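Examining the three-dimensional arrangement
Given next are the chains, with one letter for each unit.
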Amino acid sequence: MTYLIAEVGQAHEGSLGMLHAYIDAVSKTGVDAIKFQTHIAHAESSIHEPFRVKFSKQDQTRYAYWERMSFSQEQWNEIGEHCKEAGLDFISSPFSNAAVDLLETAGVMQYKIGSGEVNNFLLLEKIAQTKKPVILSSGMSSWDELNESIEFLKCRNVDYSVLQCTTSYPTQPEEWGLNVIQELKNQFKVKTGYSDHSGSITSAISAMALGAEILEFHVVFHKEMFGPDVTSSLTLDQVRQVVKARDGISLALSHPVNKADNSRFGSLKSIFEKSLAVNKALKKGHVLTFDDLEAKKPKGYGIDASQFKSVIGKKLKIDKQEWDFLNKEDLI
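Residues numbered from 1 in each chain as written. Predicted model: local features only at pLDDT ≥ 70, side-chain atom pairs only at ≥ 80, totals over all residues. Heavy atoms only, no water.

Quick notes on the pattern of salt bridges
One pass over the structure, following the stated rule, counts 18 salt bridges. In this structure, Glu 7 and Lys 35 form a salt bridge, with 3.2 Å as the shortest nitrogen-oxygen distance. Of the two residues, Glu 7 sits in strand β1 (residues 3-9) while Lys 35 sits in strand β2 (residues 33-38), which places them 28 residues apart along the sequence. Here the two residues Glu 7 and Lys 35 agree in accessibility, since each one is buried. Among the salt bridges present, the one from Lys 35 reaches Glu 216, with a minimum N-O distance of 3.9 Å. Of this pair, Lys 35 sits in strand β2 while Glu 216 sits in strand β8 (residues 214-220), and the two are 181 residues apart along the sequence. Considered together, Lys 35 and Glu 216 belong to a single accessibility category, that of buried residues. Overlapping salt bridges, with partners in common, bring together Glu 7, Lys 35, Lys 112 and Glu 216 in one network. (Salt bridge = Lys/Arg side-chain N within 4 Å of Asp/Glu carboxyl O. Helix = DSSP H or I, 4+ residues; strand = E, 2+ residues; numbered from the N terminus. Buried < 20%, exposed > 50% of the residue type's maximum accessible area, 1.4 Å probe, protein only.)

Structure, rendered in structure tokens:
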């Protein structure tokens, strides 16, 4: 069954109360894990970082945004405890070595490596030292870069999995790259999955049907909220739909159908399959043509409709009324 991760990311907008509200809400959807991003502005960024500053009317710089998104050690400890109480696996993406230390104290269960950190070997070394499982997001990585990072983790005996991801918000269908899920599995022989930024359930359900063992998606309370990832996120109602789809897909895939055996459809076949009949009144001696024939339910009252070729060119022994079934004893 696909392991489902609901990512809050920065949807809490720096509000500790909002973050705890997300834990309670997500715990009611049926997902397996909740994921956060752990930012310590002075450890991961500088005033020179330009990325996506203009989306916020509240923050003058990206550095100021990261400061607003951060929480103290005590607050993270409470977050970790709340996840445990809510029955959710506690996962986070650290963006600095300092964030790893913070998360270790808070009791994080496994680490997610964001697309921009896959080749940050300083961070990977720090995480490897924790001996915790790692999920790699491959969004901005080439095969060569991904191979290098995975070899780094393998040499350190890290339990890792890999997600197909496209670093585009929201991701359009032509960018989903669902084919890569199986390519990752073939290449690395580990659990693979999909990190979704599409803002719809279509890609999530498609990924599960194609064998994604892990599925991650952003979540928001509603699509009118403020934040950089809102358009790329699912609402809680959409998350519940994904959970329902996950359970159905899992049940279906665990019960393969044997098309060589249709014995259980015997009674239905007798109802829905058809017998040959004539579509007009015909006299004795009439030579049957294709245009004289119709197929009518149920099966067993005349020659099987599938055998229509066997009667064409045959003569009638008796008169037939319109819509009479046609049997072998009626033919010469």
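So, the domain arrangement of the protein
Split into domains, the protein comes out as domain 1 (3-254) and domain 2 (263-330). Here domain 1 and domain 2 have C-alpha centroids that lie 63 Å from each other. (Domains from an automatic or database assignment.)

Structural notes on helix α5 (residues 97-106)
Ala 99, Val 100, Leu 102, Leu 103 and Ala 106 are the residues of α5 that are buried. The buried residues of α5 occupy one face: seen down the axis, they fall within an arc of 165°. The inward-facing, buried residues of α5 contact β2, α4 (73-85), β3 (89-94), β4 (110-113) and α6 (121-128). Gly 107 occupies a position one or two residues after α5 and carries a positive phi of about 85°. (Arc of directions from axis to C-beta. Contact = heavy atoms within 4.5 Å.)

Some words on the packing of α4 against α5
As a packed pair, α4 and α5 sit with axes 8 Å apart at the nearest point and diverge in direction by 50°. When the interaxial angle is binned, α4 and α5 end up oblique. Pair α4 / α5 crosses with right-handed handedness. Between α4, through Gln 73, Trp 76, Asn 77 and Gly 80, and α5, the contact on the second element is made entirely by Asp 101, Leu 102, Leu 103, Thr 105 and Ala 106. (Axes fitted to C-alpha atoms, helices over the stretch in contact; angles between N-to-C directions. Parallel < 35°, antiparallel > 145°, perpendicular 65-115°, else oblique. Left-handed = near helix turned anticlockwise from the far one by under 90°.)

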